[in-house]
Amino acid sequence: MIGAHARPDGMVDRIRQVSRRSATLGLVPSSAVSLAMGEPGANTADRVVDAAIASLRAGRTHYAPMAGSSALREALAASLRTPQRPVGLHEVAVTHGGSAGLAATIFSLVGPGDRVVLPEPTYSLYADQVAAAGGEVVWSVNRPDGGPDLDALAELLPIARLVILCNPGNPTGYVLTQAELGAVLELAQRHGTYVLCDEAYRDIVYDGRFCSSLDLPECGSVICCGTFSKTHAMTGWRVGWLVAPREIADRIRLMHQTFNGPLNTFIQDAALMALQSADDERDEMLASYRARRDQVVEALTQVERVSLQPPQGAFYAFPKVELPLRSEDLAARLAEAGVLVRAGSEFGPSGEGHIRISYAAGSDDVAEGLRRFARTIAHLVDELGQHETVEPV
Ligand SMILES: Cc1ncc(COP(=O)(O)O)c(C=O)c1O
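Every value quoted in this text rests on a predicted model; they were computed, and no experiment measured them.

### A word on the packing of helix H4 (residues 97-109) against helix H9 (residues 246-259)
And step 1. Relative to each other, H4 and H9 sit at 115 degrees, their axes nearing to 8 Å. When the axes of H4 and H9 are compared, the pair comes out roughly perpendicular. With respect to the hand of their crossing, H4 and H9 are arranged in right-handed fashion. Between H4 and H9, the residues in contact are Ala100, Ala104, Thr105, Phe107, Ser108 and Leu109 and Ile248, Arg251, Ile252, Met255, His256 and Phe259, respectively.

Below, the structure is given as structure tokens:
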């Protein structure tokens, strides 16, 4: 029964209708190992924590400027600008984590009935936010190797208001080549479609150099969005950023300040310190994720009925599991066996039959989680192996 205050056509109901995100995200029973969250195992660096404490002690406990601290925006502009894309102060916005940057962008560009193309499988928050804004999600199935289907995009972009690229990809770890990214931006420019490039994992790329949307010449309708959460192990601090041409950045900032107000003052001070992290700290982080990527690929290739495209970036593996179980049921069986993962169907229709394993956790947890995963799949193969597998819908 619908309660007296329910609005079946309201924003909450629209989100509920499309959302595949679990209501219990982040909860981990004490006996379970979680490979479910994009949560770095390492704590935030002491330098950054000390900067936050010093800021608070210095009385930086008041409202920050609505647009974000200019010191932090200056530092972001300096660290993000490239020869192809000179980023100015007014093109940078500071946001409550990557999530609020995505939301402010989507709400400032998408209205009722607008189509938003999501190459999938992809990060599940986009579809929820598009639905909240009243837009219509149009899925575009990626190639089996995780790359974008450019022919499909060429058909869809002319009818779309916005396309959202997750690069490096969550959940597949696919990293767009310069040619692929350039092709999508060129298509979008030709048809007047906005492009939101979510580069939350831009600093976690294993093989070769990452080509950011900021490495390509400005074409007037590209928004590049990022976060301190993953690069700096700052998930709990809630600080992100975006870069957009000034007129779009102004609209996004207005939306952000209407929903969120200004960002926490001392957290912006700490984020400024994080930006000054030395190259060797980043190299160390990358080396440890690379070692875990190799550990996961090695372990999964030995499990019967499991196949995997090795991730090129981010810290997720997205194996296909050939068993007669929906991915939600498989994730539930794995949870019963003490390892938490995410159902592939959360990330789009073609994610059915897959699960997402995060290897951001510490390497002991990853090793134990993989052992439980392999053991459970072996049991399930014995129990169900003769039945037909579930294909994507
Ligand atoms: C692709 C992608 N974008 C954005 C976010 C959101 O990041 P934040 O924690 O900064 O809100 C995540 C978090 O997992 C993500 O995977």
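### Considerations on the environment of arginine 57
And step 1. With respect to the helices and strands, the residue arginine 57 is situated in helix H2 (residues 46-57).
And step 2. With relative accessibility at 75%, the residue arginine 57 sits in the exposed group.
And step 3. As a C-alpha pair, arginine 57 and phenylalanine 266 span 209 residues in sequence and 9.6 Å in three-dimensional space.

### Digging into the site of the ligand
And step 1. Lining the immediate environment of the ligand, one finds 15 residues, of which Ser99, Asp198, Tyr201, Thr227 and Arg238 sit closest.
And step 2. Interatomic distance of 2.6 Å between a side-chain N/O atom of serine 99 and an oxygen atom of the ligand.
And step 3. At a separation of 2.6 Å, an oxygen atom of the ligand approaches a polar side-chain atom of tyrosine 201.
And step 4. Computed on the free molecule, the ligand has an accessible area of 390 Å², of which 92% lies beneath the protein chains in the complex.
And step 5. Breaking the shell around the ligand down by element, the ones donating at least two residues are H4 and helix H8 (228-231).
And step 6. In terms of residues, the shell around the ligand owes the most to one element, H4, which gives four residues.
And step 7. Residues belonging to the shell around the ligand are distributed by class as follows: six nonpolar, six polar and three charged.

### A word on unusual backbone geometry
And step 1. Cis peptide bonds are those with omega within 30 degrees of zero, and the linkage from glutamate 120 to proline 121 qualifies with 10 degrees.
And step 2. Its place among the elements puts proline 121 in the loop between strand E3 (115-120) and helix H5 (125-132).
And step 3. The peptide bond linking asparagine 167 to proline 168 adopts the cis configuration, its omega dihedral lying at -10 degrees.
And step 4. Tracing the backbone through its elements, the reader meets proline 168 in the loop between strand E5 (162-166) and helix H7 (178-191).
And step 5. A positive phi angle, near 60 degrees, is found at alanine 314, a position not held by glycine.
And step 6. Of note, alanine 314 is situated in the loop between strand E9 (306-307) and strand E10 (316-317).
And step 7. On the basis of relative accessibility, which here comes to 0%, the residue alanine 314 falls in the buried class.

Scoring rules and cut-offs
Each chain has its residues counted from 1, following the order in which its sequence is written. For this predicted model, a pLDDT threshold of at least 70 governs which residues receive local features, and a threshold of 80 or more governs which side-chain atom pairs are given and counted, while totals over whole chains, interfaces and linings are taken from all residues. The basis for every side-chain value is the complete set of non-hydrogen atoms in the structure, without hydrogens or water. Every axis in this analysis is a line fitted to C-alpha atoms, fitted for helices over the stretch in contact. Angles between the N-to-C directions lie between 0 and 180 degrees. A run of H or I in DSSP becomes a helix once it reaches four residues, and a run of E becomes a strand once it reaches two; helices and strands are each numbered from the N terminus. By definition in this entry, angles of less than 35 degrees are roughly parallel, angles greater than 145 are roughly antiparallel, angles of 65 to 115 are roughly perpendicular, and the rest are oblique. For any pair of crossing helices, the crossing counts as left-handed if the nearer helix is rotated counterclockwise from the farther one by less than a right angle, and right-handed if it is rotated clockwise. Two residues form a contact once any of their heavy atoms are found within 4.5 Å. Think of it in three bands: with a 1.4 Å probe and only protein chains considered, a residue is buried below 20% of the maximum accessible area for its type, exposed above 50%, and partly exposed in between. Any residue with a heavy atom positioned within 4 Å of a molecule or strand is treated as near that molecule or strand. Polar contact criterion, stated in full: a pair of N or O atoms within 3.5 Å, where within protein one must be able to donate a hydrogen and the other to accept it, and residues adjacent in sequence count only if both atoms are side-chain atoms. Reported accessibility uses the Shrake-Rupley method at a 1.4 Å probe radius. Residues are deemed covered only where the shown protein chains occlude them. By the convention adopted, Pro, Cys, Tyr, Trp, Phe, Met, Ile, Leu, Val and Ala count as nonpolar, Lys, Arg, Asp and Glu as charged, and the other residues, Gly among them, as polar.

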